[in-house]
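In case you want the letters, here they are:
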Amino acid sequence: MRILLTGSSGFIGGRLREALQAAGHEPICAGRRPDGSGCRFVAADFAGPPPRWSEHLDGVDAVVNTVGIFRETPGARFADLHVAGPVALFEACAAAGVRRVVQLSALGADDEAESGFHRSKHAADRRLLALPLDACVVMPSLVFGEGGASSAAFLTWASLPVLPLPAGGRQAIQPVHVDEVVAALVVLIEAPPGRWRGRRIALVGPEPTTLAAYLQGLRAGLGLAPARTVTVPAPLMAAVAAAGTGLLDRDAWRMLQRGNTADAQDLTTLIGGPPRPVAAFVPHELAPALRTKAEAGWTVPLLRLALATLWLVTAWVSLFVFPRDESLALLARSGVPEALRLPALFGAAGLDAVFGVATLWPGRHRRLWALQAALVLGYSAVIGVALPEFWAHPYGPLTKNLPILALLVLLWARDR
Ligand SMILES: NC(=O)c1ccc[n+]([C@@H]2O[C@H](COP(=O)([O-])OP(=O)(O)OC[C@H]3O[C@@H](n4cnc5c(N)ncnc54)[C@H](OP(=O)(O)O)[C@@H]3O)[C@@H](O)[C@H]2O)c1
């Protein structure tokens, strides 16, 4: 079959493209840019005016839409990406007589939906099912699999030494593995005419679980012993969600509180057996590598935070706390000419502050780590020679540079 697939660069869309190719189908990948797979490409940005779909639907047997965002940004609104863009595509499918349309929505996108994410998905689902098309809507719960952004975040969360659980982690969820979502999508694309027409199909794991049990289950999959938990009170969670950082914003907190479960019968029918439980989510042979990655998800930010604090506090102390006369005297003993002592003091404190801020800046920073290591080595050499009493100081101001250098080497190696 020739299948036009949107979102083929995404987590689920990418897996689906591979599965379609493996099954002998011919996917056409529609997106903002080619996904790198060599798949025939159609330019389609759902945030802008729709392409002339009619030109691209000739000879197409099925269309699958997997475009989606979890959170709005100034250039990506739910109204465009979840509603206007998909609806333009669905209407073009109806006009072109495409035989099958499958829309990837989300569990919870129903009449009771409260979040902008769910409401916008529901609006497009309704518009699709009202069209004269052999169409169905697929509604996965939380999808787990390698390469999924939320899966990586959950694994990192699960690998923490103590698990912080919002309101005790009693929220009902029913995560499903991506392989089963993709297998179900392939069956729906290939199904006999009318078999799933007009249906909203929940794709969920075998049975409901709680957030706390899910995290402990992922932990077990990573080969880690059960962790102690700490309850984050609901009002505190609401405040964190209002700040809208990381995995959690107001909508996500609202969706989590509402719960996300359904009957697994449709998925069982589609894939010919029950979906796998959480205990089987992490493949045994990949557990060590996934555990290392998950732990790096919180250890590296922690190390960067510690390093940034060191630079920023040093800048603050140099500028505002430590007696200036004593700083200038140390610079004099280090051989700095009198006229350069104040500029050297302010320059060094300014550089420390810049390093502190840059250390917190997201992204890879090999040059920054190398520059910091060079500066630490430079300071250590000058101080070690000009102020030798610091070698014998009980607080170890010079020897403490050794673990700092080791940390910088570690960050440099990780950022390759
Ligand atoms: N993952 C889950 O747990 C889960 C659960 C329930 C429902 N879903 C739904 O399943 C769908 C796919 O999820 P996913 O996890 O695979 O998401 P994903 O990895 O973030 O992929 C999203 C896809 O949408 C594309 N996209 C984003 N903005 C676009 C735009 N302006 N125009 C055209 N394409 C655009 C992305 O392309 P670029 O590469 O250009 O960004 C990417 O291919 C979404 O609708 C999501 O709501 C996911």
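Summarised in this report is the structure supplied together with it. The structure presented is a predicted model; accordingly, all values stated were derived computationally and were not measured.

Conventions and cut-offs
- Residues numbered from 1 in each chain as written.
- Predicted model: local features only at pLDDT ≥ 70, side-chain atom pairs only at ≥ 80, totals over all residues.
- Heavy atoms only, no water.
- Buried < 20%, exposed > 50% of the residue type's maximum accessible area, 1.4 Å probe, protein only.
- Helix = DSSP H or I, 4+ residues; strand = E, 2+ residues; numbered from the N terminus.
- Pairing = 2+ DSSP bridges.
- Right-handed = clockwise from strand over helix to strand, strands pointing away.
- Phe/Tyr/Trp six-rings, centres within 6.5 Å; stacked < 30°, edge-to-face > 60°.

## Some words on the pairing of strand 6 (residues 135–140)
Consideration 1: With six of its six residues buried, strand 6 lies for the most part within the structure.
Consideration 2: The side-chain alternation of strand 6 yields two buried faces, one formed by Ala135, Val137 and Met139 and the other by Cys136, Val138 and Pro140.
Consideration 3: Judged from the four bridges that link them, strand 5 (residues 100–104) and strand 6 form a sheet pairing that is parallel. Bridging from a neighbouring strand, Leu104 pairs with Val138 of strand 6.
Consideration 4: Where the polypeptide runs from strand 5 across helix 4 (residues 116–129) and back to strand 6, its parallel neighbour, the crossover connection is right-handed.
Consideration 5: Here strand 6 runs beside strand 11 (residues 200–203); their pairing, made up of four bridges, is parallel. Each residue of the ladder has a partner; that of Val138, found in strand 11, is Ile201.

## Quick look at the pairing of strand 5
Side-chain positions along a regular strand alternate between the two faces of the sheet.
Consideration 1: Most of strand 5 is tucked away, with five of its five residues classed as buried.
Consideration 2: Burial along strand 5 is two-sided: the residues Arg100, Val102 and Leu104 and Val101 and Gln103 are all buried.
Consideration 3: Here strand 4 (residues 62–65) runs beside strand 5; their pairing, made up of four bridges, is parallel. Across the sheet, Val63 pairs through a bridge with Val101, a residue of strand 5.
Consideration 4: Following the chain from strand 4 across helix 3 (residues 78–96) to the adjacent parallel strand 5, one finds a crossover that is right-handed.

## As for the packing of aromatic side chains
Consideration 1: Tallied over the entire structure, the rule returns eight aromatic pairs.
Consideration 2: Note on Phe154 and Trp157: the rings are 5.6 Å apart at their centroids and 20° apart in plane angle, and the pair reads as stacked. Taken together, the residues span about one helical turn, with Phe154 and Trp157 both in helix 5 (residues 149–158) at a distance of three residues.
Consideration 3: A relative accessible area of 8% places Phe154 in the buried class.
Consideration 4: Looking at Trp157, the relative accessible area reads 17%, which means it is buried.

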